[in-house]
Amino acid sequence: MQFNNLIREYTYQNQDGHLNTVNWCFLPIGSTQKEYHANLFMADQREQLILRHLNEQLPGLAKKLGITIIPGWACNLRCTHCVVIDKLIKPESPEPAVADVKQMDSFIKGFMKAKDKDFLELTFVGGEPLLYSQYIVDILELIKPDFGNVTTNLAGVLDESKVTMLQKMDHILISLDGNQEQHNKQRKPLYETLNVYADVINNLKILVKMGLRDKISVQAAMAEEEIRNDEAINEFLYVLLKIGIKQEKIAIHTLHSTPRQPDLNDFQIKVSKNHISASPQLVTCCRHRDSALVIDREGQVYTDYYSMTKLGSVNDLPQNIIDAATKDNSNLPVLNDPNCQDCDVLSFCWGGCTNLHNDYLNPSRNCAQGLLQENVRKSITNQKYNKLIGKSK
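Keep in mind the model is a prediction, meaning the values are calculated, not measured.

Enquirer: Got a sec to walk through the pattern of salt bridges? Specific residues and values, please.
Expert: Oppositely charged side chains can pair when the atoms bearing their charge come close. All told, the structure shown has twelve salt bridges when counted by the stated rule. For Asp116, the salt bridge identified is with Lys63, shortest N-O distance 2.7 Å. Separated by 53 residues along the polypeptide, Asp116 in the loop between helix 3 (101-114) and strand 6 (119-124) and Lys63 in the loop between helix 2 (46-56) and strand 4 (64-69) bring together distant segments of the chain. What makes Lys63 partly exposed here is its relative accessible area of 36%. A salt bridge links Glu141 to Lys168, with the shortest nitrogen-to-oxygen separation between them at 3.4 Å. With Glu141 in helix 4 (residues 133-143) and Lys168 in helix 5 (residues 160-168), this residue pair connects regions lying 27 residues apart in the sequence. You can call Glu141 partly exposed: its relative accessible area is 42%.

Written as structure tokens, this is what we have:
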């Protein structure tokens, strides 16, 4: 018998055997050819194995549906590193009528039933979600997700509607890109009257005082020179810790590519390679994941926030959206990149996220295969993935 190159020798519960690193099925030595074939271990089943994974995903994600909702594209900032800057409009600009929330709720429930999901997580992004606070509250009160997230720049005055929206969230992700100089360099106010950094700090203090500390995370996006500026980083952390933000809830990332600057620089390439090799991606980018969808203000349904590949609308039958997503999965770039065809660590990479832009479309050009192969060999040897393995099939 000849296995495909995504199968690894493995020991599970003191049994020697083989692990399928795509569907995470373990079969002990002595299993029958019928069992190997049924679980897609064979050399001629590699493509079938990958496509099934794209449409079914890992068992750990099987019951969860994550929907990102874009209530509108208005924003009070024009950030230099914004990935949707070409879609943004002024807060006072006219916008299309919002989708009927009841229809959105009906579609989501139908989709969850069709895909056998029982846990709903809603994430609100923009634009700036705080500019749509009442609409978001309406969605939350009708749909009643199991978990609610919002990503916000937290700039501007927190009126009653905005506070109510934030209180209803289970998680509030706030963008603050370093100290005052760093943050204001990247996050440009649309109107001169907006004091971006000062607003964020003041509003953070208000939220902590209101008792929302445990819900708050802060993320910073920085260029190489800013990340290497220890004094500025320490100042950034000191201010947040003094306010009361938990240290484990503070994350610093490098800037990634944007539609206007779609190519990674040398530092971004290095960071990306190190991230992928140190933290193997066991699932695909959310564009190719049955546990994620995006719905915009008008009720149009998309694959993901970055590529915004349209699948249909909330007025469509859920099965039509599922069929469109299944068809889109065949476009996963690693399936069409010749250098990825025989890669034995494909199931720990999947080619990266659509926010990598050109590197997502050409996954092998800045590939971390060597680093990833070494890391996977060590991880498998050290049994780090035991927790992901279910019962033998």
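Enquirer: Tell me what's going on with helix 3, and back it up with residues and numbers.
Expert: With 14 residues, helix 3 extends 20 Å from end C-alpha to end C-alpha; this agrees with the ideal 20 Å at 1.5 Å per step. Of the positions making up helix 3, those classed as buried are Val101, Met104, Asp105, Phe107, Ile108, Phe111 and Met112. All buried residues of helix 3 fall inside an arc of 165° around its axis, so they share one side. Facing away from the buried surface of helix 3 by more than 90 degrees, the exposed residues are Lys102 and Lys113. Looking at where helix 3 begins, the residue whose side-chain oxygen comes 3.2 Å from the main-chain nitrogen of Lys102 is Asp100.

Reading the values: rules and limits
Residues numbered from 1 in each chain as written. Predicted model: local features only at pLDDT ≥ 70, side-chain atom pairs only at ≥ 80, totals over all residues. Heavy atoms only, no water. Salt bridge = Lys/Arg side-chain N within 4 Å of Asp/Glu carboxyl O. Helix = DSSP H or I, 4+ residues; strand = E, 2+ residues; numbered from the N terminus. Buried < 20%, exposed > 50% of the residue type's maximum accessible area, 1.4 Å probe, protein only. Expected span 1.5 Å × (residues − 1). Arc of directions from axis to C-beta. Polar contact = N/O pair within 3.5 Å; in protein donor to acceptor, adjacent residues only side chain to side chain.

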